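Topology and contacts: notes
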Amino acid sequence: MRAEAIVDLSAIKHNVESLKKSAGTKLLAVVKADAYGHGLIPVAKAALSAGADYLGVALLEEAFALREAGIEAPILAWLVQPGSDFKKAIELDIELAAASLKALGEISAASVGKKAKVHLEVDTGMTRGGFLNEWDQLSSEHLSNIELIGIFSHFARADEPGEKQNIDQLNRFTQAVDKLHSLGFTNIIRHLSNSAATLKDEASSFDMVRTGIAMYGLSPDVKTLGNSKSLGLRPAMQLRAALYLVKEVPANSPVGYGATESTPRDTKLGIVAMGYADGIPRIAHDAGIWSSSGKSPIIGRVSMDQFVVDLGPDSKLQSGDWVVIFGNGSHGEYTADDWGAASGSINYEIVTRIGPRVPRIYSAHVY
Ligand SMILES: *Cc1c(COP(=O)(O)O)cnc(C)c1O
């Protein structure tokens, strides 16, 4: 074995239970992008078994995959392209987001014999998806041939509690809800909160929260909200690899493409057979591997399939020994937060980009 991502489904269950309890509402488990790299189907099943009420995905294809796996829970897909197979979505009871009158028209036209279940997305200030200028034109007529299930919006800065934009977005959301109420749609699911708002902004929970990153045990923003541990979350993924090679190298040996770094002394280097093709960021620096003898930092540039770490002259590690690239940090290993910081990115991107060459193994963490 070269490398594997061990996913602890009991951690995901713990996180879902604890988030749902603190929200006190329905919970939509966000499983887009292969469940943030953790594996769509096993994570979806674990989340449902822990009490998630809904599954949320970006793409219709992701929703189809859930149904093909026999999952019958409510599913919302919110990035459904014009011209999609809306009929198939309706037949499979997949709920659809609509963000424009055109989208509503397409969905209505496909609602022959069976009405589509729809959630209206409103743009409350993120200026990305959702109704904005067309919201005022929306009338009951546009909604007559569909079943309106919900209304939702998305925060841009929920990881900055106290930021005024959050209050503005909340107010605009309430106004949008009022409009639907005045059109007679009173029995609808209102959902606004992502993970950060679920953790820090009770007032925005409404009828359902949509939790992604926190469900995987990671903090939406370590700097502003604290780390996993302080939030009571358990990181679910551990990425580990078996060392491909260990060798002794003299001082001042240039390492890797561009010779960006040289060995500072006679030392042992470890080569890990993972690279940017596997989601290890090419620019990562100040990260590396952890073994029972502690942390060993990356030296030189990460290449497509390999990176090199400085194990130190006294290392007892040998080729074939397992090392941890990131984990929950409880043994002193690097975390997905560390790798994010080490590459000018965030934990979301680190876990989501672990490539398909890395098998996902479902079990409790093994060190
Ligand atoms: C991805 C996404 C979420 C989840 O965000 P987290 O920060 O991971 O909790 C929620 N809602 C929508 C619309 C999203 O696209």
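For the structure, see preceding data.
Residue positions are given per chain, counting from 1 as you read along its sequence in written order. Totals for whole chains, interfaces and linings use all residues, but because this is a predicted model, local features are given only for residues with pLDDT of at least 70 and pairs of side-chain atoms are given and counted only at 80 or more. For the side-chain quantities, the full set of heavy atoms in the structure was used; hydrogens and water were omitted.

Let's talk about the overall build of the protein chain
For helices the rule is a DSSP run of H or I covering at least 4 residues; for strands it is a run of E covering at least 2, with both sets numbered from the N terminus onward. When its secondary structure is counted, the protein chain shows 11 helices and 18 strands. A globule of 367 residues ought to have a C-alpha radius of gyration of about 21 Å, and the protein chain, at 23 Å, matches this closely. The principal-axis extent of the C-alpha atoms belonging to the protein chain is close to 75 × 40 × 35 Å. For the protein chain, with 367 residues in total, the buried portion stands at 52%. The contacts in the protein chain between residues at least 6 apart in sequence include a share of 66% that link residues at least 24 apart. Summing over all exposed atoms, the protein chain offers an accessible surface of approximately 15900 Å²; the carbon and sulfur share of this is 50%. The convention is simple: Lys and Arg are positive, Asp and Glu are negative, and His and the chain ends are not counted. By convention, the charge on Lys lies at NZ, on Arg at CZ, on Asp at CG and on Glu at CD. Positive and negative side-chain charges of the protein chain, numbering 36 and 42 respectively, have mean locations separated by a distance of 2 Å. Radius of gyration means the value over C-alpha atoms here, while the globule rule gives 2.2 Å times the residue count to the 0.38 power. When a residue's accessible area, from a 1.4 Å probe over protein chains only, is under 20% of the maximum for its type it is buried; when over 50% it is exposed; and in between it is partly exposed. Only heavy atoms matter for contacts: two residues are in contact if any of them lie within 4.5 Å across the pair. Only the protein chains shown count as cover for residues, with accessible areas throughout obtained via the Shrake-Rupley method and a probe of 1.4 Å.

A short note on the site of the ligand
Lining the immediate environment of the ligand, one finds Val 30, Lys 32, Tyr 36, Trp 78, His 154, Asn 194, Ser 195, Arg 210, Thr 211, Gly 212, Ile 213 and Tyr 348. By the criterion applied in these results, polar contacts are pairs of N or O atoms within 3.5 Å in which, for protein atoms, one can donate a hydrogen and the other can accept it, and in which residues neighboring in sequence qualify only through two side-chain atoms. Within the side chain of Arg 210, an N or O atom sits 2.8 Å from a nitrogen atom of the ligand. For the ligand, whose free accessible area comes to 390 Å², the fraction covered by protein is 92%. Among the elements of the structure, α2 (32-36) and β9 (208-211) are those that each provide at least two residues to the shell around the ligand. Think of it as three bins: nonpolar holds Ala, Val, Leu, Ile, Met, Phe, Trp, Tyr, Cys and Pro, charged holds Asp, Glu, Lys and Arg, and polar takes everything else, Gly as well. Of the residues that constitute the shell around the ligand, the class distribution is five nonpolar, five polar and two charged. Here a residue is considered near a molecule or strand provided that any single heavy atom belonging to it is located within 4 Å of it.

Details of the pairing of strand β3 (residues 54-57)
Burial of the side chains of β3 extends over both faces: Tyr 54 and Gly 56 are buried on one face and Leu 55 and Val 57 on the other. We treat two strands as partners when DSSP finds at least two bridges between them. Relative to β3, strand β2 (residues 26-30) is paired through three bridges, and the arrangement is parallel. Considered in β3, the bridge of Ala 29 is made with Leu 55. With three bridges joining them, β3 and strand β4 (residues 75-77) adopt parallel strand pairing. Across the sheet, residue Gly 56 finds its bridge partner in β4, namely Leu 76. Call a crossover right-handed when, viewed with both strands pointing away from you, the route from the first strand across the helix to the second goes clockwise. Between the parallel pair β3 and β4, the chain is carried across by helix α4 (residues 60-68), and the sense of this crossover is right-handed.

Observations concerning the packing of aromatic side chains
Within 6.5 Å between ring centres, the rings of Phe, Tyr and Trp (the latter by its six-membered ring) count as paired, and their orientation is classed by plane angle as stacked under 30 degrees, edge-to-face over 60, tilted in between. This model, assessed by the stated rule, comprises five aromatic pairs. Ring centres of Tyr 36 and Tyr 216 lie 4.7 Å apart, and the angle between their planes is 20°; this geometry places the pair in the stacked category. Placement of Tyr 36 in helix α2 and of Tyr 216 in the loop between β9 and α9 (222-225) is noted, with a sequence separation of 180 residues between them. Exposure class is identical for Tyr 36 and Tyr 216. Each is buried. Relative to Tyr 348, the ring of Tyr 36 has its centre 6.2 Å away and its plane inclined at 35°; by these criteria the two rings are tilted. Taken together, the residues span a long stretch of sequence, with Tyr 36 in helix α2 and Tyr 348 in helix α11 (residues 347-352) at a distance of 312 residues. Through pairs of rings, three or more aromatic residues link up here, namely Tyr 36, Tyr 216 and Tyr 348. We note Lys 179 situated over the ring of Trp 135; from NZ or CZ to the ring centre the distance is 5.9 Å. Geometrically, a lysine NZ or arginine CZ counts as sitting over a ring once it is within 6 Å of the ring centre and also within 35 degrees of the ring normal.

Some details on helix α7 (residues 164-182)
Working note: α-helix, 3.6 residues per turn, so residues spaced by three or four point in the same direction. Between its first and last C-alpha atoms α7 spans 27 Å; for 19 residues at 1.5 Å apiece the expected length is 27 Å, and the two agree. Among all positions of α7, only Asn 166, Gln 169, Leu 170, Phe 173, Ala 176, Val 177, Lys 179 and Leu 180 are buried. By this rule the span expected of a helix is its residue count minus one, scaled by 1.5 Å.

What about a nonpolar patch on the surface?
A cluster of nonpolar side chains, namely Met 1, Trp 322 and Ile 361, defines an oily patch on the protein surface of about 310 Å² accessible area. Relative to the helices and strands, Ile 361 is located in strand β18 (residues 360-362). Residues with no salt bridge and a relative accessible area higher than 30% make up the patches, which join like charges within 9 Å and nonpolar side chains (Val, Leu, Ile, Met, Phe, Trp, Tyr) within 5 Å. Whenever a carboxyl oxygen of Asp or Glu lies within 4 Å of a side-chain nitrogen of Lys or Arg, that contact is scored as a salt bridge.

Description of the packing of helix α1 (residues 9-23) against helix α3 (residues 40-49)
Structural elements are reduced to axes, namely lines fitted to C-alpha atoms, with helices fitted over the stretch in contact, and the angle between N-to-C directions of any two is expressed from 0 to 180 degrees. Following both chains from N to C, one finds α1 and α3 inclined at 45°, their axes separated by 8 Å at the closest point. Judged by the inter-axis angle, α1 sits oblique to α3. The two elements α1 and α3 cross, and the hand of that crossing is right-handed. From α1, Leu 9, Ile 12, Lys 13 and Val 16 reach across to α3, where they touch Pro 42, Val 43, Ala 46, Ala 47 and Ser 49. For the contact of α1 with α3, a count of residues per class yields seven nonpolar, one polar and one charged. By definition in this entry, angles of less than 35 degrees are roughly parallel, angles greater than 145 are roughly antiparallel, angles of 65 to 115 are roughly perpendicular, and the rest are oblique. Here a crossing is taken to be left-handed if its near helix is turned anticlockwise relative to the far helix by less than a right angle, and right-handed if that turn runs clockwise.

As for α1
With 15 residues, α1 extends 21 Å between its outermost C-alpha atoms, agreeing within 8% with the 21 Å of an ideal straight helix rising 1.5 Å per residue. Turning to α1, its buried residues number three or more, namely Ala 11, Ile 12, Asn 15, Val 16, Leu 19 and Ala 23. One side of α1 holds all its buried residues, which, seen down the axis, span an arc of 135°. Looking at the buried residues of α1, the elements they touch are β1 (3-7), β2, α3, α8 (195-200) and β9. Remark: Gly 24 follows α1 within two positions and exhibits a positive phi of approximately 70°. Each direction from the helix axis to a C-beta atom contributes to the arc, which is the arc of those directions.

Overview of the side chain of Ser 228
Assignment of secondary structure puts Ser 228 in the loop between α9 and β10 (237-249). Residue Ser 228 is classed as buried on the basis of its relative accessible area, which comes to 7%. Only 2.7 Å separates the side chain of Ser 228 from the backbone oxygen of Gly 217, close enough to count as a polar contact. If sequence neighbours within four positions are ignored, Ser 228 has contacts with Gly 217, Leu 218, Ser 219, Leu 233 and Pro 235.

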